[in-house]
Structures are given as C-alpha cells and as structure tokens.
Amino acid sequence: MIAVVDFSGIKLPFGVGDMLSSATSFLGIFGEWGLLAAAVIFVPALVGLVFWFLGKSKADYAQERNDRYEARRLREEEHQRLHNDY
C-alpha cells in the first residue's frame, strides 16, 4: 500500500534556483573529475564496441571472400564438365 505524505507545511531554506546554482557551481569545481570518471567508465565499452565492429566486418569480409572463391570454383567445374562433354 502506498502511503501519501503531505509536504505542504514544510518550508525549505532554499529554492529551485539555489539548487541549480549550487549544482552548476559544483560542476564548475569538479567537472573535470566527473569527465574523467565518465571516461573511465565508458571508454572500455566504446573500445569493445569498435573492436566488435572491426571483428564483425573482418568476418563478413572473410565470408564474402569464401563465397566468391566457392562461386568461382563451381563455375570452373561447370566449365570443365561442359568441355569434357564435347
């Protein structure tokens, strides 16, 4: 069951503008550290994503190369079969 709490009688010593001002000041002081922390968290995921794309494209290229080789081999066999029939 959800309890409903009435906050209408509570007065805070600061407003929304004060909160935003404090937040931007905090980011101004510690923003570089936050960016460094975000980089430490997200860079391994981005590097993994890049290697995944490269590996996928490399595998696709290898499959395409094998398909071309197989098609050429089948054409040559067909050509040999047709020439041997004459």
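**Student:** How should I be thinking about the pattern of salt bridges in this particular structure?
**Tutor:** Any two side chains of opposite charge can pair if their charged atoms end up close together. With the rule as written, the count across this model stands at 4 salt bridges. The shortest N-O distance in the salt bridge between Glu77 and Arg73 comes to 2.4 Å. Note that Glu77 and Arg73 are positioned in helix α1 (residues 16-85) at a spacing of 4 residues, about one turn of the helix. Linked by salt bridges that have partners in common, Glu70, Arg73 and Glu77 make up one network.

**Student:** Is there a simple way to explain the packing of aromatic side chains in this structure?
**Tutor:** For any two aromatic rings, the description comes down to two numbers: the centre-to-centre distance and the angle of the planes. For the coordinates displayed, the defined rule picks out 2 aromatic pairs. Taken together, a centroid distance of 4.9 Å and an interplanar angle of 50 degrees make the contact between Phe26 and Phe30 tilted. A residue pair is termed a helical-turn pair when its members lie 3 or 4 positions apart in one helix, as Phe26 and Phe30 do in helix α1 at 4 residues. Residue Phe30 is classed as partly exposed on the basis of its relative accessible area of 42%. Here the aromatic rings of Trp52 and Phe53 are separated by 5.1 Å at their centres, their planes lie at 55 degrees, and the arrangement is tilted.

**Student:** Honestly, a nonpolar patch on the surface in this entry has me stumped. Any pointers?
**Tutor:** On the surface, Phe26, Leu27, Ile29, Phe30, Trp33, Leu36 and Val40 cluster together into a nonpolar patch covering about 810 Å² of accessible area. Looking at the element boundaries, Trp33 is found in helix α1. Among the residues examined, Trp33 registers a relative accessible area of 61% and is labelled exposed.

Calculation notes
Residues numbered from 1 in each chain as written. Predicted model: local features only at pLDDT ≥ 70, side-chain atom pairs only at ≥ 80, totals over all residues. Heavy atoms only, no water. Salt bridge = Lys/Arg side-chain N within 4 Å of Asp/Glu carboxyl O. Helix = DSSP H or I, 4+ residues; strand = E, 2+ residues; numbered from the N terminus. Phe/Tyr/Trp six-rings, centres within 6.5 Å; stacked < 30°, edge-to-face > 60°. Buried < 20%, exposed > 50% of the residue type's maximum accessible area, 1.4 Å probe, protein only. Patch = residues over 30% accessible without salt bridge, like charges linked within 9 Å, V, L, I, M, F, W, Y side chains within 5 Å. Areas by Shrake-Rupley, 256 points an atom, 1.4 Å probe, with all protein chains shown as cover.

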